[in-house]
Amino acid sequence: MFTGIDEVDWASLRHAYGSAEDVPGWLRALASADTAERATALDGMFGAVHHEGRVYDSTLACVPFLFALAAREEVPDRGCIVELLVSIGGEGVGGAEGVGGPKGRERAAHSGSGGGGASAEGSGARGNPRSAKAPRTAEAPGIAGNAENPRDGGTPRTAQDPGTSDGSERDRRAREAVCAGAGVFAALVGDPDPAVRRAAAGALVRFLEEPPRVLALLRQRLRAEREGCVLLALTEALGLFAHRYPAHADGALDLLAEQSAPPYAPGLRLAALGQLALRAPGRLPADLVPAAVQLLQQRSAQRLRRQEQAGTDTLVRRIRRLRPSDEQGAMLLRTLHSALGDRVDDRIALLTGQLTSPDPVDRCNAVWMSAGLFRGWRGAYDGPVRLLGAQLGSEQDRLRDAAVSVLAELFALAAPAADDLHALVAARPDLWTHRWERSSPTLGGPLKALARTGDPRAVPPLAQLLAGPSAPVGLGCEVAHLGRAAAPLAPAVRHRLGRVPLDSPTAARLAAPLLTAVRAVRDRHAVPELLRLLSGAPDGLGARDAVVGQVIETLAELGAAAEAAPLLRGLLRTRHAVTAAGALWSADGDAGAVLPVLLRELAQPDPLVRASAARQLAGLGPAARGALPELRRLAGAGPLRERVPAACALWRIAGDPDPVLPVFRYAWTADPRTRAPIARCLATMGPAAAPLHDLLVTELTDPRRHTAQQGAYGHRDIPDDEELLWMCRRVLAGL
């Protein structure tokens, strides 16, 4: 197994933590009879030699020895070794398999899925759990010094940047090395160890570039295989085969169609339907969703029967009953959801079937999958939201907490579940706050979700928290969602704002959420407290400087800027000049006093300052005509998030749509995040916005949320997208 290992100059090779001189020891330990020793070695291989999916020169040197280990039946845990080889040889992000490929999963593992649950958009492929470690910050390559050992918690020194040409070259060489040994995988698909057979199935398709032979081996193995986990891996391998080799896909698709029907087991049929949906939607049955729901329920019933028939009641089994899970079932349904893509109505029907399953584990998986659907797609979600609300009465904390977490992301869309949320809030005052071991309490999920729907039934419990000694710091942000319904809370919010310690380093953190609430409730009685926060301006603000802009905007919103005029004038030479100038204009309408300030700020090097100045100039309307030349220049070139506010200002000042609409049309397509401010401006244009009618109609018919981004999610993405849809309808109604 290790012939030639001592002839390699390991000390001259590198891994993520420096010299690779410890790699021969790890390779030998992979063959150890000691379980702990093997686990430590495998951690070293994934954590250093193949750190976060990267390929180093030591990674390449390991490949022959890994193949030798994988081929020896007496070596334990060879399935993990095959998975390591698959990851080393896998395409990088953007390769033939994209992010669903092994290396894409290695690197994507660190982004996770929202809410800690299963995303609806997973590829359905297995990633190695050992790669899902918290990423460490890698130092620049070539830095001198002693690299620390990963087992001692050291910081990796990357020998390459995967984005460089050197990294791409090593990825290419790694794939060639694994492909050169792929004949081993052909033997391993019939190995006595099911874990090896499972890992070898996908490896065979990825690296043995002989399509007829690969398909024949998969067909042969399908006929002989009896292990459920291996059959699922073979099904996934058939789908991958159809994707990689379109000219040979029919044979694989025929096998998948065969597996999707009786007498195959429900789980295997579900897996086959998922692969057909991904690779050949035209070959799916017309009753796909009802069939999938029925198969899910049959599979769950079988799984529960197996659990009941299990032997001795061990501690592990008792723990599993306390926190039941079914990752394999989640994987099957994630694959099907992902394959259905923009077929939102079908996905809602599938989700409805999942959420009405008698098995709470199925329902918990469905709750997390619903988050992926809600975040990425628009749809008629009242039904699924009501079913999420129905989970709040579950005796299983895990299911209830998952449903609360998803409902809290929906804001107003969670209204159909408001009765269930209120029932939970009323029954469980202990859930009103969430207490952390080493930090301040935060607002509990059920009460937060109820407040975000705008339901006034959230007011009494929020009032109790505000009256207590330790109200959650961020409570004010949630009060804001109640709007005028939160008026009874105004005195308590005002009282807390007046108690913010002005000289404390925490002043801004404490004040910011309360300011949000004051503005939403439009509490003009809070003006003295607002002015207090500006005391000492401009030089003696300290930590409060971080919320000065928010204070000024709140004063202007309340129509109280005139009472702060002396303080505002003192801020015209600070970084708050733009906001202060806008507030002064709202107070006295004196363009002569504020226009020079805004023109000065419009010429600043910071694009964020220029964009802010453009927005304030728009508020001046025709009185800001002196800014038109500079606004035309800014609207014509530069970052889109600067050009759009400049174009909006051009319209508000000059009323001429001709220089504005081309900017809007380009920005709308090029940067979806500009759509909301564009729509707000279009709403003021009336019939002049008609040339952009097609953009608005297309937006309203697009099933995807404009905020959806691969691998990223903001907590306001759903309400922001819903607001855009509302504004598009408003603009169209005014044309």
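Here the structure is a predicted model, which means the values were calculated and not measured. Residue numbering note: each chain is counted from 1, following its sequence as written. Only residues with pLDDT of at least 70 are given local features in this predicted model, and only at 80 or more are side-chain atom pairs given and counted; all residues enter the totals for whole chains, interfaces and linings. Excluded from the side-chain calculations are hydrogens and water; all other atoms, namely the structure's heavy atoms, are used.

Turning to the overall build of the protein, a few remarks are in order. A tally of regular secondary structure across the protein gives 37 helices and 4 strands. Only protein chains enter the accessibility calculation, which uses a 1.4 Å probe. A residue is then buried if its area is under 20% of the maximum for its type, exposed if over 50%, and partly exposed in between. When burial is assessed residue by residue, the protein has 51% of its 735 residues classed as buried. Only heavy atoms matter for contacts: two residues are in contact if any of them lie within 4.5 Å across the pair. Across the protein, contacts joining residues at least 24 apart in sequence account for 65% of those joining residues at least 6 apart. Labels follow the DSSP assignment, with helices taken as runs of H or I lasting at least four residues and strands as runs of E lasting at least two, numbered in each case from the N terminus.

The next point concerns the confidence of the model for the protein. Counting all residues, the mean pLDDT for the protein is 88, and 87% of those residues have values of 70 or more. Per-residue confidence from the prediction method is given by pLDDT, with values spanning 0 to 100. Confidence over residues 92-153 falls short of pLDDT 50; this stretch has 142 contacts with residues more than four positions distant or in other chains. Of the regions scoring below 50 in pLDDT, residues 157-163 engages in 32 contacts with residues more than four places distant in sequence or in other chains.

This part takes up the environment of Leu217. Mapped onto the fold, Leu217 is located in helix α9 (residues 211-224). On the basis of relative accessible area, Leu217 is assigned to the buried category, the value being 17%. Taking the C-alpha atoms as reference, Leu217 lies 9.5 Å from Ala187; in sequence the two are 30 residues apart. Every residue in contact with Leu217, bar those within four places of it in the chain, is listed here: Ala186, Leu204 and Leu208.

With that settled, consider the packing of aromatic side chains. Only rings of Phe, Tyr and Trp enter the pairing, Trp through its six-membered ring, and a pair is recorded when the two centres are within 6.5 Å. The plane angle decides the type: under 30 degrees is stacked, over 60 is edge-to-face, the rest tilted. Per the stated rule, a full pass over the model turns up 5 aromatic pairs. Their ring planes at 70° and their centres at 4.7 Å tell us that Phe374 and Tyr381 sit as a pair that is edge-to-face. The class for Phe374 is buried, based on a relative accessible area of 1%. The structure contains a cluster of three or more aromatic residues connected by ring pairs, namely Phe67, Phe185 and Phe207. Remark: a charge is flagged as sitting over a ring if the NZ atom of Lys or the CZ atom of Arg is within 6 Å of the ring centre and within 35 degrees of the ring normal. Here Arg375 stacks its cationic end above the ring of Tyr713, 4.4 Å away from the centre of that ring. Over the ring of Phe411 we find Arg716; its NZ or CZ atom is 5.3 Å from the centre of that ring.

Turning to the nonpolar core, a few remarks are in order. Working definition of a nonpolar core: buried Ala, Val, Leu, Ile, Met, Phe, Trp, Tyr and Cys residues. They are joined through side-chain atoms within 4.5 Å. Of all hydrophobic cores here, the largest spans 132 residues; its most connected members are Leu407, Leu462, Leu497, Leu617, Leu631, Phe664 and Leu682. If you tally residues by element for this core, the top one is helix α33 (residues 640-654), at 9 residues. Residues contacting Phe664, with those up to four places away along its chain left out, are Val644, Ala647, Cys648, Ile678, Cys681, Leu682, Met685 and Leu692. Listed in part, the 98 residues of the second largest apolar core include Trp10, Ala70, Ala237 and Leu240.

This paragraph deals with the pattern of salt bridges. Salt bridges are counted wherever a side-chain nitrogen of Lys or Arg sits within 4 Å of a carboxyl oxygen of Asp or Glu. Tallying each qualifying case throughout the model produces 45 salt bridges. Here Arg400 and Asp401 are joined by a salt bridge, their closest N and O atoms 2.9 Å apart. Using a relative accessible area of 6% as the deciding quantity, one classes Arg400 as buried. Between Asp455 and Arg457 there is a salt bridge; the shortest N-O distance is 2.8 Å. Note on Asp455: relative accessible area 11%, which makes it buried. Via salt bridges that share partners, Arg378, Arg675, Glu699, Arg705, Asp721 and Glu722 belong to a single interconnected network.

Once that is clear, we can look at unusual backbone geometry. With an omega of 10°, the peptide bond running from Pro262 to Pro263 counts as cis. Considering the arrangement of structural elements, one finds Pro263 in the loop between α11 (249-259) and α12 (266-279). Following Ala537, the chain continues into Pro538 via a peptide bond in cis, with omega recorded as 5°. You can see Pro538 is positioned in the loop between α26 (527-533) and α27 (548-557). The phi dihedral of Asp77 is positive, around 55°, even though this residue is not glycine. Classification of Asp77 by relative accessible area gives partly exposed; the value is 41%. The backbone phi angle of Phe411 is positive, close to 55°, even though this residue is not glycine. Assignment of secondary structure puts Phe411 in the loop between α19 (397-410) and α20 (418-427). By relative accessible area, which is 4% here, Phe411 ends up buried.

Turning next to the packing of helix α8 (residues 194-207) against α9. At a minimum axis separation of 10 Å, α8 and α9 run at an interaxial angle of 155°. If you check the angle between α8 and α9, you find them roughly antiparallel. Handedness of the α8/α9 crossing: left-handed. Where α8 abuts α9, its residues Arg197, Ala201, Leu204 and Val205 lie against Val214, Leu217, Leu218 and Arg221. All axes here are fitted lines through C-alpha atoms, helices being fitted over the stretch that makes contact, and every angle between N-to-C directions spans 0 to 180 degrees. Angle categories are assigned with fixed cut-offs, so that under 35 degrees is roughly parallel, over 145 is roughly antiparallel, 65 to 115 is roughly perpendicular, and the rest are oblique. By the definition used in this description, the sense in which the near helix is turned from the far one sets the handedness, with an anticlockwise turn below a right angle giving left-handed and a clockwise turn giving right-handed.

Another point: the side chain of Thr707. Mapping Thr707 onto the fold places it in the loop between α36 (693-701) and α37 (717-733). Residues contacting Thr707, with those up to four places away along its chain left out, are Arg673, Asp717, Asp720 and Asp721.

Of the residues making up helix α34 (residues 661-670), those classed as buried are Leu661, Val663, Phe664, Ala667 and Trp668. Along the long axis of α34, the arc covered by the buried residues comes to 150°, so they all point the same way. What points out from α34, more than 90 degrees from its buried face, is the exposed set Pro662 and Thr669. On the buried face of α34, the contacting elements are α32 (628-636), α33, α35 (675-682), α36 and α37. The arc in question is traced by the directions running from the helix axis to the C-beta atoms.

Structurally, Glu225 can be placed in the loop between α9 and α10 (228-244). Counted as a polar contact is a pair of N or O atoms within 3.5 Å, where, for protein atoms, one must be capable of donating a hydrogen and the other of accepting one, and residues adjacent in sequence contribute only when both atoms are in side chains. A distance of 3.0 Å separates the side chain of Glu225 from the backbone nitrogen of Glu227, its partner in a polar contact. Apart from residues no more than four positions distant in its own chain, Glu225 is found in contact with Arg197, Val230, Leu231 and Leu234.

Attention shifts here to the environment of Gly621. You can see Gly621 is positioned in the loop between α31 (607-620) and α32. Overall, the relative accessible area of 8% leaves Gly621 in the buried class. Here the alpha-carbon distance between Gly621 and Ala654, two residues 33 residues apart in the chain, equals 7.7 Å.

What follows deals with the packing of helix α25 (residues 507-521) against α27. Running from amino to carboxyl end, α25 crosses α27 at an angle of 10°, the nearest separation of the two axes being 10 Å. By the angle between their directions, the pair α25 and α27 is classed as roughly parallel. Considering only the axes of α25 and α27, their crossing is left-handed. Residues Ala512, Leu515, Thr516, Val518 and Arg519 of α25 lie in contact with α27, whose contacting residues are Gln550, Val551, Glu553, Thr554 and Glu557. Charged means Asp, Glu, Lys or Arg here, nonpolar means Ala, Val, Leu, Ile, Met, Phe, Trp, Tyr, Cys or Pro, and polar covers whatever is left, Gly included. Per-class residue counts for the contact of α25 with α27 are 4 nonpolar, 3 polar and 3 charged.

This brings us to the state of the cysteines. Cysteine sulfur pairs qualify as disulfides if the two atoms are within 2.5 Å. Within this structure, the stated rule accounts for 0 disulfides. With no disulfide of its own, Cys648 lies 3.6 Å from the sulfur of Cys681, the closest cysteine sulfur.

The next thing to look at is the environment of Gln328. Mapped onto the fold, Gln328 is located in helix α15 (residues 327-340). Since its relative accessible area comes to 35%, Gln328 is described here as partly exposed. It is 10.0 Å that separates the C-alpha atoms of Gln328 and Ala271, two residues lying 57 residues apart in sequence. When residues no more than four places from it in sequence are discounted, the contact partners of Gln328 are Cys229, Leu232 and Arg299.

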